[in-house]
Amino acid sequence: MLARLLRRSALKRAGRFVPVAQLALAAELALLAGRHIGRLNRAQRHRLVALVRRAHGRPSSLADAERRELEELVSMLEPRVFVGSAVRRVSPVPVPKRLLYGAKGSAARESAKAGRS
């Protein structure tokens, strides 16, 4: 039975399209990331990049005011909604919303609802 399936031309062609599917998925995630980064205006994006560069991956190297500013800018990106949306798009099986966006009534869940409308 397996040998018969492997001889079918449709199944042979599907093997060539796997890399294309991965590229399409990467492009879709890039668009999703772009939408989240688009929530910041130009000055905020530049400030975020400057703070991340200055921190060198260690927020403790920033002053308290800069650290709060970085936290505020990152929270504007809504990272939980981004991760939840990305997992929902990538996962082959449905993932419960509470795992993706948090408890009912959470800010991430409300933001995800608003984004779908």
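Look up: the structure comes first, before these words.
Notes on the structure in this doc start here. (Residues numbered from 1 in each chain as written. Predicted model: local features only at pLDDT ≥ 70, side-chain atom pairs only at ≥ 80, totals over all residues. Heavy atoms only, no water.)

Topic: unusual backbone geometry
Link 1 in the chain: Even without being a glycine, His-56 presents a positive backbone phi close to 55°.
Link 2 in the chain: Mapping His-56 onto the fold places it in the loop between α4 (42–55) and α5 (64–76).
Link 3 in the chain: By relative accessible area, which is 58% here, His-56 ends up exposed.
Link 4 in the chain: One non-glycine residue, Glu-78, lies in the positive phi region at around 55°.
Link 5 in the chain: Along the chain, Glu-78 turns up in the loop between α5 and α6 (79–90). (Helix = DSSP H or I, 4+ residues; strand = E, 2+ residues; numbered from the N terminus. Buried < 20%, exposed > 50% of the residue type's maximum accessible area, 1.4 Å probe, protein only.)

Thoughts on the pattern of salt bridges
Pairing between side chains of opposite charge can happen when the charged atoms of each approach one another.
Link 1 in the chain: Considering all chains together, one arrives at five salt bridges under this definition.
Link 2 in the chain: Note that Glu-28 is salt-bridged to Arg-89, the shortest N-O span being 3.1 Å. Of the two residues, Glu-28 is situated in helix α3 (residues 18–37) and Arg-89 in helix α6; the sequence distance between them amounts to 61 residues.
Link 3 in the chain: Taking the shortest distance from any N to any O, the salt bridge between Arg-47 and Glu-69 comes out at 3.0 Å. Of this pair, Arg-47 sits in helix α4 while Glu-69 sits in helix α5, and the two are 22 residues apart along the sequence.
Link 4 in the chain: By relative accessible area, which is 31% here, Arg-47 ends up partly exposed.
Link 5 in the chain: According to the relative accessible area criterion, Glu-69 is partly exposed, its value standing at 29%. (Salt bridge = Lys/Arg side-chain N within 4 Å of Asp/Glu carboxyl O.)

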